[in-house]
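Listed below are the residues making up each chain.
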Amino acid sequence: MDLLTTALPALGEAFSLILQPQQLTFLVLGVLLGLSVGVFPGLGGIAGLSLVLPFVYGMEPVSGLALMVGLVAVIPTSDTFASVLMGIPGSSASQATVLDGFPLAKKGEAARALSAAFASSLFGGLLGAFFLTFFILIARPIVLAFGLPEMLMITILGLSMVAILAGRLPLKGVAAACMGLLVGTIGEADAGGSLRMSTYSIPYLTDGLQLVIVGMGIFAIPEIISLLRQDRAISRDATLGAGWLKGVSDWWNNIWLSIRCSLIGVIVGVIPGLGGSVVDWIAYGHTVQTTSDKSGFGSGEIRGVIGPESSNNAKEGGGLVPTLIFGIPGSGSMAIFLGGLALLGYDAGPQLITNDLDITYTVVWSLALANVVGAGLCILLSPGIARLTTIRFTMLAPFLFMMITFAAFQSRQSLGDLVALFAIGLLGIFLRRFDWSRPAFLIGFVLSTQAENFSFQAYQIAMSKFRRGADVGLEYIFSPIVIVLLIITVISIIVGIRQAKSIMSEGDVPVGAKRAPLIFLLCVTVYFVISYFDAAAITMQTDRIFPMTIAFVATVSCLLLLIRMFLAPKEDVIFADREAAGEDAEAPQGLWRTLAWFAVLLILSSLLGFILALAIFFVAFLRIRAGRTWARTLLLTAGGIALICFMAGSLNRDFPPGLLQAFVELPWPLGGI
């Protein structure tokens, strides 16, 4: 009852603030900006908030909050377009959506997938806001209960989703996850600063690889290359599909799944620093585990869209709890949001809940209202945007290459971004070809830093506790929350291993000859062995234990796979190879010739600068590869360059400069900003 007497007056004041015409105008403006940024893969909340932050200073506080919240709220909704229509994770929050959303688009059911996704996102956002309205009053002791052991267990729970997504061979899934974990350790260790698999002679690697580059390299490039080789539209029958009402019906038929995944989103989002990394995978894993017929996952199961999308928007609300109560940002965008709050005259922390509960509720329900507006706009825009799946892909490919190159460069503003994008893209192509779980790799990469830091810090504190007594140490390690999470993790692994063989996260991959899969496995094994000895050479123990352990487990997994390869016949699933038979083997265009187009764009960008390279690339690609007339080629080239210049100018972003600019000073956009 005390909660109601505290919450209801503040809630009424918040609604009176939100529903003013001026605040609604700024909220809608923020939503439109968020949609504009979110539909482009790789440009998330950080880019959008960076755009509006200079304008927030001096604004009326509630208007400024409405603008920022409107932008943040819809990015997890709008990035669904790239995930479903193009197979490109729009952000870390939409990685799991790719697994079933993109296969649905290729089947000609893009409309169904999008409407189910937007209905789920809308519901998740509203349920998250409703839950947080009362939860935020009791959240402080709950958030404080999550120490390092609890956060480590949440991270391990996220890693346990590998068991579900491992595919027909669990050992391949383990090795792929270990590869992701090791790639995530490249660079300086957070604990002691030792270098792993990098050197100061290549400064780019000392800071490690960015999620934007790895996500696009592992998922976007392999799918773009594969589709480009087919010389057809994304949808196999070049139809959009009449499934708008069917998608909403699918969501309603799975309403309990949506509720459960929304609550997962809120609860995981509450934990600082974890929500955006693991929530979609945990929701996807829960969806698979609670579905009786698992054969459709990975090849176009609508529940594989509903689960992650319900959790994504609910997670945004959950992420506000540590941000507002403790001033602890749960993500990069929340860190910028804190800066915006400070500019508006509010300091996040306990005093915000105590003294300005109405402002706190203004943020929470602005988030909910922005979800309603954003989902509505997405549904209105969907028919036009979804028609991209019916256009011949050779017309779309140059624009997608342009977008992912531009987005990748924004991570470090370095030409090394382009090299890293191509290298990770090549790895993604091989993982896809030989049926190594790309989701497992990405889960490993996303959780690598957290797994290492939490395990190291928890170990340090546990040792000091054990020095005071075994009972003190055990009580610290095995808290009630840890025990519950441990039980859930064990169940998840056991159930996942039993069910993995029926889940084709990469589709049904044909088998072929032994040679190519064996060569790739040997290369992967060599990488793991080198990683092990590289880590073993580090003198600081805190920096070497994690990569050494992961490399050892990965090497053992690969050796077991090698033994099976030598003993198994060539019809065994271990010799999966998309180039042996099926769609890829019968594609009109070759793999390396198609990949060369992307390589040419990156090389020209490094030499001449992005805009000059883009002009040459567009003209050559559209004339030679797409067979367009000169008039259409020049028109599309001009349109593409105008679009990217408008985006860069609006977001105050730079282009890859090219070595030419070291000798000739060129004006923007040919040169730097």
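Residue indices begin from 1 for each chain and proceed along its sequence in written order. Per-residue local features of the predicted model are confined to residues with pLDDT of at least 70, and side-chain atom pairs are confined, for both listing and counting, to 80 or more; whole-chain, interface and lining totals are unaffected and use all residues. Think of the side-chain values as coming from all heavy atoms in the structure, minus any hydrogens and water.

Colleague: Account for the pattern of salt bridges, with residues named and values stated.
Modeller: One speaks of a salt bridge when a side-chain nitrogen belonging to Lys or Arg is within 4 Å of a carboxyl oxygen belonging to Asp or Glu. Per the stated rule, a full pass over the model turns up 10 salt bridges. Residue Glu109 pairs with Arg112 through a salt bridge whose shortest N-O separation is 2.8 Å. A residue is classified by how much of its surface remains accessible, and Glu109, at 26% relative accessible area, is partly exposed. Owing to a relative accessible area of 16%, Arg112 belongs among the buried residues under this scheme. Between Asp572 and Arg564 there is a salt bridge whose closest N-O contact spans 3.0 Å. Via salt bridges that share partners, Glu109, Arg112, Lys246 and Asp250 belong to a single interconnected network. Relative accessible area decides the class of each residue, using a 1.4 Å probe on protein chains only: under 20% of the type maximum gives buried, over 50% gives exposed, and in between gives partly exposed.

Colleague: Give a detailed account of the packing of helix 25 (residues 515-536) against helix 26 (residues 541-567), specifying residues and quantitative values.
Modeller: Helix-helix packing is characterised by the crossing angle of the two axes and by the distance between the axes. It is at 8 Å that the axes of helix 25 and helix 26 come closest, and there the two elements cross at 155°. Considered as vectors, helix 25 and helix 26 are oriented roughly antiparallel to each other. Crossing geometry of helix 25 relative to helix 26 is assigned as left-handed. Listed contacts from helix 26 to Pro517, Leu518, Leu521, Leu522, Val524, Thr525, Phe528, Val529, Ser531, Tyr532, Ala535 and Ala536 of helix 25 are Arg544, Pro547, Met548, Ala551, Phe552, Ala554, Thr555, Cys558, Leu561, Leu562 and Met565. Working convention: axes come from line fits to C-alpha atoms, limited for helices to the stretch in contact. Angles between N-to-C directions cover 0 to 180 degrees. Where helices and strands are cited, they refer to DSSP runs of H or I of at least four residues and of E of at least two residues respectively, numbered from the N terminus. The scheme is simple: roughly parallel for angles under 35 degrees, roughly antiparallel for over 145, roughly perpendicular for 65 to 115, oblique for anything else. In this scheme the handedness of a crossing depends on how the near helix is turned from the far one: anticlockwise by less than a right angle means left-handed, clockwise means right-handed. Contact between two residues is taken to exist if any of their heavy atoms lie within 4.5 Å; hydrogens are not considered.

Colleague: Run through helix 12 (residues 211-230), naming residues and quoting values.
Modeller: Here the expected length of a helix is defined as 1.5 Å per residue gap, with one fewer gap than residues. Between the first and last C-alpha of helix 12 there are 29 Å, a value that for 20 residues agrees with the 28 Å anticipated at 1.5 Å per step. Where burial is concerned, most of helix 12 is hidden: 18 out of the 20 residues are buried.

Colleague: Help me get a handle on helix 29 (residues 610-625), residues and values and all.
Modeller: For helix 29, the full list of buried residues reads Phe610, Ile611, Ala613, Leu614, Phe617, Phe618, Phe621, Leu622 and Arg625. The arc enclosing the buried residues of helix 29, seen along the axis, measures out at 145°, which places them on a common side. In the segment just after helix 29, Gly627 is the residue with positive phi, at about 70°. This arc is taken over the directions from the axis of the helix to the C-beta atoms.

Colleague: Any details on the environment of Ala408? Residues and values, ideally.
Modeller: Here Ala408 shows up in helix 20 (residues 393-409). Accessibility expressed as a relative area gives 0% for Ala408, which makes it buried. Separated by 193 residues in sequence, Ala408 and Gly215 have C-alpha atoms that sit 10.0 Å apart. Contacts of Ala408, omitting those with residues within four sequence positions, involve Ile213, Met216, Asp417 and Leu421.

Colleague: I'd love a proper account of the environment of Asp534, names of residues and values included.
Modeller: Within the secondary structure layout, Asp534 lies in helix 25. Distance in space between the C-alpha atoms of Asp534 and Leu195 is 9.3 Å, their sequence separation being 339 residues. In this structure, Asp534 is in contact with Leu195, Arg196 and Met197, ignoring residues within four places of it in sequence.

Colleague: Just give me the short version of the side chain of Arg433, but keep the residues and values in it.
Modeller: Within the element layout of this structure, Arg433 appears in helix 21 (residues 416-433). Contacts of Arg433, omitting those with residues within four sequence positions, involve Val509, Ala516, Ala576, Asp577, Arg578 and Glu579.

Colleague: I'd like to hear about the packing of aromatic side chains, residue by residue, with values.
Modeller: Stacked, edge-to-face and tilted labels apply to pairs of Phe, Tyr and Trp rings (six-membered ring for Trp) whose centres lie within 6.5 Å, assigned for plane angles under 30 degrees, over 60, and everything in between, in that order. Applying the stated criterion across every chain yields a total of 19 aromatic pairs. Taken together, the ring pairs in this structure connect Phe399, Phe401, Phe422, Trp597, Phe598, Phe617, Phe618 and Phe621 into an aromatic cluster.

Colleague: Could you give me a rundown of unusual backbone geometry, with the residues and numbers involved?
Modeller: A positive phi angle is found at Met197, which is not glycine, with a value near 50°. Along the chain, Met197 turns up in the loop between strand 2 (195-196) and helix 11 (203-206). With a phi close to 60°, Asp435 is a non-glycine residue in the positive phi region. Structurally, Asp435 can be placed in the loop between helix 21 and helix 22 (438-468). On the basis of relative accessibility, which here comes to 13%, the residue Asp435 falls in the buried class.

Colleague: Tell me about the packing of helix 10 (residues 170-184) against helix 22, and name the residues and values.
Modeller: Remark: helix 10 packs on helix 22, axes separated minimally by 7 Å, with the N-to-C direction vectors making an angle of 35°. Of the two elements, helix 10 crosses helix 22, and the hand of that crossing is right-handed. Only Ala440, Phe441, Gly444, Phe445, Leu447, Ser448 and Thr449 of helix 22 make contact with helix 10, whose side of the interface consists of Gly173, Ala176, Ala177, Met179, Gly180, Leu181, Val183 and Gly184.

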